[in-house]
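Listed below are the residues making up each chain.
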Amino acid sequence: MQYSIHLEAYSGQLSAKTAEAVEQVKAYFNDPSLQVFVWDEHHIVIAASYNVSLPARGSIDNNILAVEPILVKIALHRYPEAAPLIMSDRKTFPKSRLPHLYYSDEGKPAVLCLVRGSLNEWFATKTIGDLLIIAAQWFFKAATGTLVTDNNEFDPVRLNTSLGKHVFKYETFRDIVSENRRFVDSYPLALILSSAYTGEAENERAFKSISDIPFISLDKFREAISKVENKSRDHNSKVLPFYSLLIWDPDQNEEPAYFTNLPANYGELKGFLKIRGIDIAEMLSALKAGNVPLRSLLVMTHAIKRPYKVIGYEGIYEFFTYTLILNDDFSGLVNDEEEVCISSHSQPFTAELASSLSNETRLAETLYVGAGSLGSKIIMHDARSGKNVLGVVDHDSFQQHNIGRHVLFSNHVGRKKSQAVVEEIKAFYELDATNNFVFFDRPISFVKNEEVAKYKLIVDSTASPGVMHNLIERQDVINARYAKCEIVDGGEIGLLYLQGSANNPRMDDLIYLACYLAVENSELANWRIGDADREQDVLDIGLGCSSVTNVMADDLISFHGAAFSQVLAAYPFEDFLKSGFIYLNVFRKSADNFPKISNKRYCVEPFEVYESKNDSFWTLRFLSGLSRKLLDLCNSHVPNETGGILIGIASYKTKTLHIYDVIEQPADSTSSPVAFNRGIEGLANLVDDIKYQTGQVIGYVGEWHTHPMNLETLSGQDMVSIEKLQAINKQIPIPTCAVIVTKNKIIPFVYD
């Protein structure tokens, strides 16, 4: 018996595209006599049949016939945006025994599920012929028992009509059922703490279920929910807590059949569950007698045990949610005619799901210092990728002007940025533990060492030298890798710095090195030169390498933030580069306003650290390799002395000289085994050029000369020269530095 026998032939006018589709179906089956029928006011169907190549002994379980009649269902007004559906035209089609079918009621045709994902999207690049070929393959696979190729996993029922979404963690419900965690011993029932999201269109209604409620804790839950309900009513909240039910077969019988007749009303539901050993009416009466405050929203989730693992889930249970919406508070009795709606299951957004969607595993526990425009974007990238341990430090409030470039919206104006960002992240993970998302609405200097020490990575996105100095000073205590990022040059350059694993190179080493690299990198030179022109009145020794970047587009910040986030997530953090690291990200606009994007990275070996020998508390930090260069110069000029100048920057804040290059003796220098007089030929121009290219940040910071006779102190003549230099250097101001180089030692002296 076929469904098409009772259909009326279509006699109306078809659009050009629909008429073409009908002709394509007829051409595929090579049968111009195929009939077109009315399905409903919006659809037509074309009756055809497939000749199926059966195995020698017939199809598996005799499910498929040698000739299978079908109906090609086409939307009159939505084709080709809406893909045609392929339905069985056989009333005896065994849809309860076959996977890869959409759910349909007992008296309706089976609808073939042909592709994973959206059929409409798939069909957007395909033809009617492609669709019919896939359907022919479906019947062949059904006949040979190869429809399911996912390691013999069970294909879940595909609901294409439902009332909203029921959001719950599959693993939570699976464990409750498999562990038989009953609310009371008498019934295979768990009481579930859930919440309803109201105010949406009826077919978009969402329910979220969190966890089961033990009987011994019912009073505490009842009190807590009552408080939330009262508060929700006072504030007109769209989120309302309620109790839902999780029920299962007490005998845990396996059910291999696919459902073709899910209950449509409460009477049918009672019978449907009764067959499976579940007396739902008795359970509801018992709950009412036990003063469990069930409401007019009555949600029941039914666990069905399948013969093997369900596709897409880590377990053998398939869950169906039945929803009844009653007029009044539940009285203990439900009318048999009360409508039962089916809600489809949706997995909540969890850290595990986020990691799967992003195809990344971000495990490094991270403390973000700064939740401004740049910092907030990096934080959200990590949070949306599944990082589940993070802290946010920021004591500033979110203001109106921040809306233009921040991840937060206007509903957070006036709130602390750190708290607002963390609360938004916690809202992502409603069904995950969120106690490891922490905010500190105070400066980093007020966050205790023991709090900071919980993190393996610190990401500083502030423009504050004070924050940098605080974190540098605390590195030996907190023992975390320190990364800092900034956007400079009007938003066209982004810089990410990663301090060395043993705090060497140090963060200030790297920041000043980025300025010095302008000597060889034209992009950095453009930034430094432009910065000096814009900010000459605020440049200061030790502080002058950051730009004021108040004016730039939000998408530029997002571009750099995304790049920084990806670089920091590039490796499992414990295997990340042990050396320091500078990442340069460039977005330039060409003359025709098209973007020119480039990047470069620098691996920076630990600096060579020396303490001043004259008890001045100054430290010299040489770029890796400079000590070897000085020792080689000493030995190559034996028996005479040689010398030159030091290029770098002096920071009075940290009492540190950062040395990035050594200049050898000018051509007009004179030397002997016991004396060296440094010349000046070409030196001023060389230093001026370095200062110009680095934006007046890097320049002359001291002298060096050799003692090939291995004298490890300053000579009398050296002290005379230092006194002269001090008078000059105090006008800049910089300390006076003299480095003695013997055949095997570097010996620095620094005078304020």
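Predicted, not measured: the structure shown is a model, and the values here were computed from it.

Caption draft 1: Spotlight on the overall build of the protein chain. In terms of regular secondary structure, the protein chain is built from 18 helices and 30 strands. In terms of overall size, the protein chain is more extended than a compact globule, its C-alpha atoms giving a radius of gyration of 37 Å where 752 residues would be expected to give roughly 27 Å. With respect to the three principal axes, the spread of C-alpha positions in the protein chain is 115 × 70 × 50 Å. Looking at the 752 residues of the protein chain, the share that counts as buried comes to 51%. When contacts within the protein chain are restricted to residue pairs at least 6 apart in sequence, long-range pairs at least 24 apart make up 67% of them. Total accessible area computed for the protein chain in this model is approximately 35,100 Å², and 50% of it derives from carbon and sulfur atoms. Of the side chains in the protein chain, 72 bear a positive and 94 a negative charge, and the two mean positions are spaced by 2 Å.

Caption draft 2: The arrangement of the pairing of strand S19 (residues 493–498) in detail. Among the 6 residues that make up S19, 6 are buried, leaving the element largely enclosed by the rest of the structure. Side chains of S19 alternate between two faces, with Ile493, Leu495 and Tyr497 and Gly494, Leu496 and Leu498 buried alike. With 6 bridges joining them, strand S18 (residues 481–488) and S19 adopt antiparallel strand pairing. The residue of S19 that forms the bridge with Val488 is Ile493.

Caption draft 3: Representation of the side chain of Lys377 within the structure. Here Lys377 lies in helix H9 (residues 373–384). Classification of Lys377 as buried rests on a relative accessible area of 7%. Discounting chain neighbours no more than four positions away, the residues touching Lys377 are Arg405, His406, Val407, Asp554, Ile557 and Ser558.

Caption draft 4: Layout of the confidence of the model for the protein chain. Here the protein chain averages 89 in pLDDT, while 93% of its residues score no lower than 70. Taken as a whole, residues 536–549 scores under 50 in pLDDT and shows 40 contacts with residues more than four places along the chain or in a different chain.

Caption draft 5: Inspection of helix H13 (residues 507–516) at higher detail. Burial analysis of H13 places 10 of its 10 residues in the buried class, the great majority of the element. Turning to H13, its buried residues number three or more, namely Met507, Asp508, Asp509, Leu510, Ile511, Tyr512, Leu513, Ala514, Cys515 and Tyr516.

Caption draft 6: Spatial organisation of the nonpolar core. Ile582 and Ile698 are the most contacted members of the largest nonpolar core, which totals 72 residues. By residue number, the principal contributor to this core is H13, which donates 8 residues. Those residues in contact with Ile582 that lie beyond four places of it in its chain are Leu495, Leu496, Tyr497, Leu510, Leu513, Ala514, Leu517, Lys600, Arg601, Tyr602 and Val604.

Caption draft 7: Broad picture of the sheet that holds strand S10 (residues 239–248). With mixed pairing, 7 strands are arranged side by side around a closed barrel as S7-S9-S8-S10-S11-S12-S13. Ignoring strand direction, the axes of neighbouring strands in this sheet form an average angle of 35 degrees. One ladder, built from 6 bridges, connects strand S8 (residues 189–197) with strand S9 (residues 206–212); its direction is antiparallel. The residue of S9 that forms the bridge with Ala196 is Phe207. Across the face of the sheet, helix H4 (residues 170–178) comes into contact with strand S7 (165–167), S8, S9, S10, strand S11 (297–305), strand S12 (317–325) and strand S13 (341–346) while running at roughly 100 degrees to S12. Along the sheet, helix H6 (residues 266–274) contacts S10, S11 and S12; its crossing angle with S12, the most-contacted strand, is approximately 150 degrees.

Reading the values: rules and limits
- Residues numbered from 1 in each chain as written.
- Predicted model: local features only at pLDDT ≥ 70, side-chain atom pairs only at ≥ 80, totals over all residues.
- Heavy atoms only, no water.
- Helix = DSSP H or I, 4+ residues; strand = E, 2+ residues; numbered from the N terminus.
- Rg over C-alpha atoms; globule rule 2.2 N^0.38 Å.
- Buried < 20%, exposed > 50% of the residue type's maximum accessible area, 1.4 Å probe, protein only.
- Contact = heavy atoms within 4.5 Å.
- Areas by Shrake-Rupley, 256 points an atom, 1.4 Å probe, with all protein chains shown as cover.
- Lys, Arg positive; Asp, Glu negative; His and termini not counted.
- Charge placed at Lys NZ, Arg CZ, Asp CG, Glu CD.
- Pairing = 2+ DSSP bridges.
- pLDDT = per-residue confidence, 0-100.
- Core = buried A, V, L, I, M, F, W, Y, C linked by side-chain atoms within 4.5 Å.
- Axes fitted to C-alpha atoms, helices over the stretch in contact; angles between N-to-C directions.

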